[in-house]
Amino acid sequence: MPRKPRVPTYRLHRQSGRAIVTLTCRLTGKRRDVLLGEHGTHASHKLYDKVIADWIADGRVLDAEAAEKAAQTPGHETIAALLLDFWRAEKARYGVGRDTRLPSQLYHVRNAIRVCRAVCGREPVGVFGPRMLIAVRDNMIEQGWKRSSINAAVRIVVRAFRWGVKQERVEPTVITALACVGGLRRGEQGVEDGQRVTPIADSEVEKIKPHVAPQIWALVQLARFTGARMGELVQMRAIDIEAGGDVWLYRPPTHKTKHRDKDRVIPLGPRAQQVVRPFMTGNLNAPLFSPRDAVRARKAATATQGKPRRPDQAQNPKATGRRVRDAYDTSGVGKAIRRACEAAGIEPWHVHQLRHSRLTEVRKAAGLEAAQVVGGHTHAQTTEIYAERDLTLAIEVAKQTG
């Protein structure tokens with residue numbers, strides 16, 4: 001969920017001893033100090049409320065003439081304003097509301113926008129060009145981003161300005177100029193490549209079982225048996241499962257390609273059904289794998305074992321309590337797996353490797369097209385990223401003809 005715009009604070013102007021508030025123009029980035037009278041008085045607070053209300057009503061713009069000019073002149077508004085509107089348009093395109101979980105693509109969009117705003121957000125749109133785009137890219141390099149992430153983020157920034165062209169807020173020549181900035185090549189500017197995702201052996205997966213909650217272990221097994229994305233599995237509900245026949249069909253409420261009007265159906269075979277069945281009780285609309293159930297079971301086990309509580313917990317049981325969500329998210333599952341790997345004393349692995357393992361297995365047994373369908377990919381080239389090539393056939397050919 002994007003952060004709410006901050007409201008300027010009421011504060012003391014030390015030189016004069018009076019109250020002051022500083023307003024910032026959303027379009028130009030310019031700032032204006034407004035003195036409110038004697039600090040701490042009721043009148044100054046009342047005037048502060050009026051100043052803030054008027055500023056918000058004017059769209060957080062200080063100069064109405066500048067606002068009108070910005071609306072009529074492409075490139076006059078700030079880069080930050082353009083990126084903010086692009087972010088809202090992207091959320092609308094993916095159908096993301098205030099209480100909706102962000103899909104993984106929007107996390108990448110948000111990260112790219114944040115860097116661009118930090119580097120040049122107050123500059124006018126019209127001055128953005130290849131040099132400024134390279135400055136944004138250099139900032140990502142300084143932060144230690146991997147090469148693939150940097151190239152993807154640069155493409156997102158260019159896409160934001162291409163969207164601005166369609167809105168007639170950016171000159172078309174800007175896109176032509178930005179196209180001159182190519183992606184980073186391997187080893188360029190000392191940027192490291194990310195580690196290649198590989199399948200994970202079942203023996204390694206089994207080692208974390210004693211160190212995770214039953215709900216996390218069920219999600220791990222489902223990812224291994226179905227090849228589904230973890231973001232599709234954490235939202236699983238009983239009402240979304242057609243439990244008739246030898247193979248059940250699970251339709252995720254939201255998924256990666258929903259905004260493209262693509263259907264996503266995940267078949268659940270006998271092993272996956274065995275994992276899901278114990279959790280299909282209670283409310284049909286509730287997530288099957290709930291952190292609340294995990295916390296409740298852990299507390300019950302602790303009480304049964306008679307484990308002493310810490311002094312601070314004994315005095316105030318709610319002092320250390322945290323709000324527990326109704327469902328896991330991919331980040332939470334990943335953190336649980338990393339902690340379990342540390343407890344088991346093994347090399348950490350992540351949920352994407354489970355998907356790679358399943359799609360590699362399907363490709364070896366039934367071919368690339370089957371792996372493409374199981375993975376929910378539109379293009380086979382995407383499936384080849386996840387499903388490792390089977391060298392068995394190449395080895396047989398080498399034996400016979402090599």
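Counting restarts for each chain: residues are numbered from 1 in the order of the written sequence. At least 70 in pLDDT is required for a residue's local features to be given in this predicted model, at least 80 for side-chain atom pairs to be given and counted, and no such filter applies to totals for whole chains, interfaces and linings, which use all residues. Heavy atoms throughout the structure, all of them, feed into the side-chain values; hydrogens and water do not.

Some remarks on the overall build of the chain
Filter applied, for reference: Secondary structure elements are taken from DSSP: a helix is a run of H or I of four residues or more, a strand is a run of E of two residues or more, and numbering for both begins at the N terminus. To sort residues, take the accessible area from a 1.4 Å probe on protein chains only and compare it with the maximum for the residue type: under 20% means buried, over 50% means exposed, and anything in between is partly exposed. For this analysis, residues touch if any pair of their heavy atoms sits within 4.5 Å. Each accessible area is a Shrake-Rupley estimate made with a 1.4 Å probe; only the visible protein chains count as cover when residues are assessed.
Within the chain, the regular secondary structure consists of 18 helices and six strands. Looking at the 402 residues of the chain, the share that counts as buried comes to 38%. Sequence separation of at least 24 residues holds for 63% of the intrachain contacts in the chain that already meet a minimum separation of 6. With an accessible surface of roughly 24,500 Å², the chain has 50% of that area assigned to carbon and sulfur atoms.

Points about the sheet that holds strand β4 (residues 241-242)
Note the cut-off: Strand pairing requires that DSSP identify at least two bridges connecting the strands.
On the basis of which strands lie adjacent, the open sheet formed by three strands has the order β4-β5-β6 and antiparallel pairing. Of all the strands in the sheet, just β4 and β6 (266-268) have a single pairing partner and so form its edges. Alignment of β4 against strand β5 (residues 248-250), held across two bridges, turns out to be antiparallel. Across the sheet, the residue bridging to isoleucine 241 is tyrosine 250, located in β5.

Looking at the sheet that holds strand β1 (residues 11-13)
To be explicit about the condition: All axes here are fitted lines through C-alpha atoms, helices being fitted over the stretch that makes contact, and every angle between N-to-C directions spans 0 to 180 degrees.
The three strands are arranged β1-β2-β3 in an open sheet whose pairing can be described as antiparallel. With one partner strand each, in any of the chains shown, β1 and β3 (31-38) form the two edges of the open sheet. Shown here is a sheet whose adjacent strand axes are inclined to one another by a mean of 45°, direction ignored. Examined bridge by bridge, strand β2 (residues 18-24) and β3 share seven bridges and lie antiparallel to one another. Bridging from a neighbouring strand, alanine 19 pairs with glycine 37 of β3.

Comments concerning the packing of aromatic side chains
The following threshold applies: Here a pair means two rings of Phe, Tyr or Trp (six-membered ring of Trp) with centres within 6.5 Å. Their orientation is stacked below 30 degrees between planes, edge-to-face above 60, and tilted elsewhere.
Scanning all chains against the criterion turns up four aromatic pairs. Taking 4.2 Å as the distance between ring centres and 15° as the angle between the ring planes, the aromatic pair formed by phenylalanine 128 and phenylalanine 161 counts as stacked. Here the residue phenylalanine 128 occupies a position in the loop between α4 (104-120) and α5 (130-142), and phenylalanine 161 occupies one in helix α6 (residues 147-166), the gap between them amounting to 33 residues. Each member of the pair, phenylalanine 128 as well as phenylalanine 161, is classed as buried.

As for the pattern of salt bridges
Defined as follows: A pair is scored as a salt bridge if a Lys or Arg side-chain nitrogen falls within 4 Å of a carboxyl oxygen belonging to Asp or Glu.
The tally for this structure, following the rule as stated, stands at 11 salt bridges. The partner of aspartate 85 in a salt bridge is arginine 169, and the shortest N-O contact between them spans 2.7 Å. With aspartate 85 in helix α3 (residues 79-93) and arginine 169 in the loop between α6 and α7 (172-178), this residue pair connects regions lying 84 residues apart in the sequence. When the shortest N-O distance is used, the salt bridge between glutamate 232 and arginine 229 registers 2.9 Å. Residues glutamate 232 and arginine 229 agree in their burial class; the two are buried. The structure contains a network of salt bridges with shared partners spanning Glu77, Asp85, Arg88 and Arg169.

Observations regarding the confidence of the model for the chain
Our working rule: In predicted models, pLDDT denotes the confidence assigned by the predictor to each residue on a 0 to 100 scale.
For the chain, per-residue confidence averages 77 on the pLDDT scale, and residues scoring 70 or more make up 74% of the total. The least confident element of the chain, judged by mean pLDDT, is helix α13 (residues 311-315) at 40; the most confident is α6 at 93. The model gives residues 69-75 a pLDDT under 50, and that stretch makes 11 contacts with residues more than four places away or in other chains. When the criterion is pLDDT under 50, residues 310-320 qualifies, and its contacts beyond four places in sequence or with other chains add up to four contacts.

A short note on the side chain of threonine 226
Quick note on the threshold: We call two N or O atoms a polar contact when they sit within 3.5 Å, provided that within protein one can donate a hydrogen and the other can accept it, with sequence-adjacent residues counted only if both atoms are side-chain atoms.
Position of threonine 226 among the secondary structure elements: in helix α9 (residues 214-226). A relative accessible area of 5% places threonine 226 in the buried class. There is a polar contact of 2.6 Å between the side chain of threonine 226 and the backbone oxygen of leucine 222. Within the structure, threonine 226 has its side chain in polar contact with the backbone nitrogen of alanine 228 (distance 3.2 Å).

Here's the deal with the packing of α3 against α6
The condition is simple: When describing relative orientation, an angle under 35 degrees is termed roughly parallel and one over 145 degrees roughly antiparallel, while 65 to 115 degrees is termed roughly perpendicular and anything else oblique. Gly counts as polar in this scheme, as do all residues outside two lists: the nonpolar Ala, Val, Leu, Ile, Met, Phe, Trp, Tyr, Cys and Pro, and the charged Asp, Glu, Lys and Arg.
The contact between α3 and α6 brings their axes to 10 Å, and the two run at 95°. Taken together, the axis directions place α3 and α6 in an arrangement best described as roughly perpendicular. Across the interface between the two elements, Ile79, Leu82, Leu83, Asp85, Phe86, Ala89, Glu90 and Arg93 of α3 pack against Ile156, Arg159, Ala160, Phe161, Trp163 and Gly164 of α6. Across the contact of α3 with α6, the residue classes tally to nine nonpolar, one polar and four charged.

Side note on the packing of α3 against α4
The interhelical angle for the contact between α3 and α4, taken along N-to-C directions, is 175°, at an axis separation of 10 Å. By the angle between their directions, the pair α3 and α4 is classed as roughly antiparallel. Facing α3, whose interface residues are Ile79, Ala80, Leu83, Phe86, Trp87, Glu90 and Lys91, α4 presents Leu106, Val109, Arg110, Ile113, Cys116, Arg117 and Cys120. Its residues placed into classes, the contact of α3 with α4 shows 10 nonpolar, no polar and four charged.

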